[in-house]
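Here's the letter readout for the chains.
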Amino acid sequence: MPTTTVYTGADGSISVAVEPGPAGDKAKEVADRYSLTPVGRVSGVTIRVTNDVKAFHELGQRFATELRPGNMNVYGTIERAHINGALLRLMLGEAADSRPAGAFVGPSFNLSIRLQNPAAPDSSASVTVMGVQINEWNYTVPEDDFVLERASFRALWIKTEETG
């Protein structure tokens, strides 16, 4: 039976996990250096999954007669109120400290978002975005609000799990 528990952002925690391999090793260096488990001071996370559905139209028909699934895309954003360069380093990898002479490995990691309502401790929901690579980072310094960094990412695939 699916859970009926509702959640708010206050029920969430976000962590970074790395897989073995050169891209995972680069992400692990950053995650260990900046203690990114859990990822702190996050004020917003958006995850978006799209399916490039293709519609087949026959001559003489106004509505599609068949829909075919297309390519799946997983992407999103992370907003943080703490600037320490960790997200930028997760994007730049070896290029964060100096310009590399040639090609370099881009860090890749898994991003896990877990929601658990303290009033219903036996229920939880988690979304894990696999093979994440950050593709954009920006830094906003508003006049009358909190300074935020925002990173957007692409990912290979996504999985979800519910308990309770």
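Note that the structure is predicted; figures quoted are calculated from it, not measured.

A. Expanded view of the pattern of salt bridges. The tally for this structure, following the rule as stated, stands at seven salt bridges. The salt bridge involving Asp32 is made with Lys28; its shortest N-O contact spans 2.7 Å. Of this pair, Asp32 and Lys28 both sit in helix H1 (residues 22–33), four residues apart, which is roughly one turn of the helix. Note that Glu149 is salt-bridged to Arg80, the shortest N-O span being 2.9 Å. Taken together, the positions of Glu149 in strand S8 (residues 148–155) and Arg80 in strand S5 (residues 72–80) put the pair 69 residues apart, joining distant regions of the chain. What makes Glu149 buried here is its relative accessible area of 0%.

B. Focus on the side chain of Thr50. Turning to its location among the elements, Thr50 is positioned in strand S2 (residues 42–51). Take Thr50: its relative accessible area is 17%, and that puts it in the buried class. Residues within four places of Thr50 in sequence aside, it is in contact with Asn71, Met72, Asn73 and Tyr75.

C. Expanded view of H1. For H1, spanning 12 residues, the distance from its first C-alpha to its last is 17 Å, which sits close to the expected 16 Å at 1.5 Å a residue. Buried within H1 we find Gly24, Lys26, Ala27, Val30 and Ala31. Within H1, the buried residues cover an arc of 160 degrees as seen down the axis, which keeps them to one side. Residues of H1 that are exposed and point over 90 degrees away from its buried face: Pro22 and Arg33. The secondary structure elements touched by the buried residues of H1 are strand S1 (12–17), helix H2 (86–92) and strand S6 (109–115). One or two positions beyond H1, positive phi appears at Ser35, with a value near 50 degrees.

Scoring rules and cut-offs
- Residues numbered from 1 in each chain as written.
- Predicted model: local features only at pLDDT ≥ 70, side-chain atom pairs only at ≥ 80, totals over all residues.
- Heavy atoms only, no water.
- Salt bridge = Lys/Arg side-chain N within 4 Å of Asp/Glu carboxyl O.
- Helix = DSSP H or I, 4+ residues; strand = E, 2+ residues; numbered from the N terminus.
- Buried < 20%, exposed > 50% of the residue type's maximum accessible area, 1.4 Å probe, protein only.
- Contact = heavy atoms within 4.5 Å.
- Expected span 1.5 Å × (residues − 1).
- Arc of directions from axis to C-beta.

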